[in-house]
Amino acid sequence: MTVLDEIIAGVREDLDARRLNTPLDSVKAAAAAAAPAHDALQALGAHPPRDTTLRVIAEVKRRSPSKGALADIPEPHQLAAEYAAGGASVISVLTEQRRFGGSLADLDAVRAAVQIPVLRKDFTVDEYQIYEARAHGADLVLLIVAALDDATLRRFLELTHELGMNAIVETHTPEEISRAVAVGAKLIGVNVRNLKTLEVDPANFAALAPLIPSDAVIIAESGVESTEQVRNYAAAGADAILVGEALVKHADPRSSVADFIAAGSAAKPAR
């Protein structure tokens, strides 16, 4: 069993417990009553005219399977506000509990603190989680191609659109990029972390990014440790970066976000 398989097994167990407490019909009702979702496509620069600004998706991330505890985050809403003040376009909130130490309470706190789009970052394996994300105010969800078959990926992407949301469709290989494009994904992430081994190879981004159509927003995920790496991702075609560890461990996350935006924007070619 791979690391991804183990994580998903735990996600399904936790999901079953939440479903017992809150049936799907109740979650659907809460989703319908939620305030309209923010336009994440606009926030990430998808609408013409395209510019050379690198967007930052800044993550509230307490732990990781590869590194263990990353940072004590007693007030996630304060961290999110610092990210937004630094110029982040989207706030990502990890809600997986077992391996990442996240929660829907973190999502609620962040949603109440910022007026920019919020991503519920989790391992989405059931439509319940998509309705749940909308009920808690999320504007985007993460869909990992490696965790879903084509029919389910398409159905989940369509559901996010029906709910007024968007999805970042995460890929790791040329074949997964082809699958993401085939279902019409407009926000395509390239995660340079192998979810089966947790190894990171930032060089993979430059090899994979050219396979993504120019009308999609290309998001570089994992491996961001410095402004130099941000410049490399931007020069290789990234429209946005998703970064957590480097920000939560930084003494001044606001300035770090701003530095990443400046470094990436200076290196990003026109599209």
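It should be noted that the structure appears before, not after, this text.
All values derive from a computational prediction rather than experimental measurement.

Visitor: Sorry, what's going on with the packing of helix α1 (residues 3–21) against helix α6 (residues 127–135) here?
Guide: To characterise two packed helices, one gives the angle between the axes of the helices and the distance between these axes. Put simply, α1 and α6 touch, their axes get as near as 11 Å, and they point 65° apart. By crossing handedness, the relation of α1 to α6 is classed as left-handed. Packed against α1, whose contacting residues are Val 11, Leu 15, Arg 18 and Arg 19, the element α6 presents Tyr 128, Gln 129 and Glu 132 at the interface. Residue composition of the contact of α1 with α6, by class: three nonpolar, one polar and three charged.

Visitor: Got a minute to help me understand the sheet that holds strand β8 (residues 187–191) in this structure?
Guide: As a general point, the strands of a sheet are linked pairwise by backbone hydrogen bonds and lie either parallel or antiparallel. Spatial strand order, β1-β4-β5-β6-β7-β8-β9-β10: eight strands in a closed barrel with parallel pairing. Across the sheet, the mean angle separating the axes of adjacent strands is 25° when strand polarity is ignored. Both strand β5 (residues 118–121) and strand β6 (residues 140–144) contribute to a ladder of two bridges, which runs parallel. Following the sheet pairing, Leu 119 is matched in β6 by Leu 140. Of the strands in this sheet, β1 (55–60) and β4 (90–94) are in contact with helix α4 (residues 76–86), which crosses β1 at around 170°. Contacts between helix α5 (residues 104–113) and the sheet are confined to β1, β4 and β5, with β5 contributing the most and set at about 175° to the helix.

Visitor: Explain the side chain of Arg 120 to me, please; I cannot follow it from the model alone.
Guide: Topologically, Arg 120 is positioned in strand β5. From its side chain, Arg 120 meets the backbone oxygen of Gln 129 in a polar contact 3.0 Å long. Those residues in contact with Arg 120 that lie beyond four places of it in its chain are Arg 18, Val 93, Thr 95, Leu 104, Leu 107, Gln 129, Glu 132, Ala 133, Ala 138, Leu 140, Val 141 and Leu 142.

Visitor: Before we go on, may I ask you to explain the pairing of strand β10 (residues 240–243) in this structure?
Guide: Within a regular strand, side chains alternate between the sheet's two faces. With burial as the criterion, each face of β10 is covered, one bearing Ala 240 and Leu 242 and the other bearing Ile 241 and Val 243. Relative to β10, β1 is paired through four bridges, and the arrangement is parallel. Bridged to Arg 55 within β10 is Ala 240. In this sheet, β10 lies alongside strand β9 (residues 217–221) in parallel orientation, the contact comprising three bridges. Counted as the bridge partner of Glu 221 is Leu 242 from β10. Since β9 and β10 lie parallel, the crossover through helix α10 (residues 227–235) that links them has a hand, and here it is right-handed.

Rules of the game
- Residues numbered from 1 in each chain as written.
- Predicted model: local features only at pLDDT ≥ 70, side-chain atom pairs only at ≥ 80, totals over all residues.
- Heavy atoms only, no water.
- Axes fitted to C-alpha atoms, helices over the stretch in contact; angles between N-to-C directions.
- Helix = DSSP H or I, 4+ residues; strand = E, 2+ residues; numbered from the N terminus.
- Left-handed = near helix turned anticlockwise from the far one by under 90°.
- Contact = heavy atoms within 4.5 Å.
- Nonpolar A, V, L, I, M, F, W, Y, C, P; charged D, E, K, R; others polar.
- Pairing = 2+ DSSP bridges.
- Polar contact = N/O pair within 3.5 Å; in protein donor to acceptor, adjacent residues only side chain to side chain.
- Buried < 20%, exposed > 50% of the residue type's maximum accessible area, 1.4 Å probe, protein only.
- Right-handed = clockwise from strand over helix to strand, strands pointing away.

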